[in-house]
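Letter by letter, the chains look like this.
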Amino acid sequence: MINPFDDTYFMKKALEEAQAAYDKGEVPVGAVIVIKDRIIARAHNLTEQLNDVTAHAEMQAITSAANFLGGKYLENCTLYVTLEPCQMCAGALYWSQISKIVYAAKDVKRGFTAMSTTLHPKTKISGGLLEKEASELLKRFFIEKRNLN
């Protein structure tokens, strides 16, 4: 039997969160955290709405997942995020000891790999899943922002 809950399914849920951010005028990054094929946290960027530079999708998702689990460690959890985490988010993910990170689009300027930030040694990483869809949403957002200014 085919598992309907695969990496693509969960990344599509993260893309729905990115679209919610886009609709609010936020940089369109979305995230979900999953344990045992169950989404336990959904989040998107809220930096403008909350006037908080730390309100990235990943940070919101980490807090929500930790609250759901009743503890600060996200062992056996997978983060699906539409953009490679930044240095700040990578640091929080390091401390959360999340088991796996799957990201869509690479952030060549501000992503954790570009900044030489390390994750927890046990964290598995993969990138490029639905990269085209995530990249197109980000590009459209920034084109519209430039045209408004």
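An unreviewed UniProt entry annotates the protein chain as tRNA-specific adenosine deaminase originating from Cellulophaga lytica. Listed in UniProt under the heading Catalytic activity (unreviewed entry), the comment for the protein chain reads: "adenosine(34) in tRNA + H2O + H(+) = inosine(34) in tRNA + NH4(+)". Recorded under Subunit (unreviewed entry), the UniProt text for the protein chain is reproduced unchanged: "Homodimer."

Moving on, we come to the sheet that holds strand E3 (residues 78-83). Adjacent strands of a sheet form backbone hydrogen bonds with each other and so pair up, either parallel or antiparallel. Here five strands make up an open sheet; going across it, the order is E2-E1-E3-E4-E5 and the pairing mixed. If you trace the sheet from one side to the other, it starts and ends with strand E2 (38-44) and strand E5 (124-127), each paired once. When the angles between neighbouring strand axes are averaged without regard to direction, this sheet yields 15°. Of the strand pairs in this sheet, strand E1 (residues 30-35) and E3 are connected by four bridges, and their pairing is antiparallel. Paired with Ile33 across the strands is Leu79, a residue of E3. Helix H3 (residues 57-69) contacts E1, E2 and E3 of the sheet and is inclined by roughly 145° relative to E2. Its contacts with the sheet place helix H5 (residues 131-148) against E3 and strand E4 (100-105), and it is angled at close to 60° to E4.

What follows is about the packing of aromatic side chains. The final tally for this structure, using the stated rule, is five aromatic pairs. Judged by centre distance (5.3 Å) and plane angle (75°), the rings of Tyr94 and Trp95 are edge-to-face. Trp95 sits in the exposed class, given a relative accessible area of 66%. In this structure an aromatic cluster arises from ring pairing among Tyr9, Phe10 and Tyr80.

Take the packing of helix H1 (residues 7-23) against H5 next. Two elements in contact, H1 and H5, have axes whose closest approach is 11 Å; the angle formed by their N-to-C orientations is 5°. Between H1 and H5, the angle is such that the two are roughly parallel. When H1 is examined against H5, the residues Leu15, Ala18, Gln19 and Tyr22 are found in contact with a partner set consisting of Glu133, Ala134, Leu137, Arg140, Phe141 and Glu144.

Reading the values: the criteria
Residues numbered from 1 in each chain as written. Predicted model: local features only at pLDDT ≥ 70, side-chain atom pairs only at ≥ 80, totals over all residues. Heavy atoms only, no water. UniProt positions renumbered as here; feature names shortened; annotations may be inferred. Pairing = 2+ DSSP bridges. Helix = DSSP H or I, 4+ residues; strand = E, 2+ residues; numbered from the N terminus. Axes fitted to C-alpha atoms, helices over the stretch in contact; angles between N-to-C directions. Contact = heavy atoms within 4.5 Å. Phe/Tyr/Trp six-rings, centres within 6.5 Å; stacked < 30°, edge-to-face > 60°. Buried < 20%, exposed > 50% of the residue type's maximum accessible area, 1.4 Å probe, protein only. Parallel < 35°, antiparallel > 145°, perpendicular 65-115°, else oblique.

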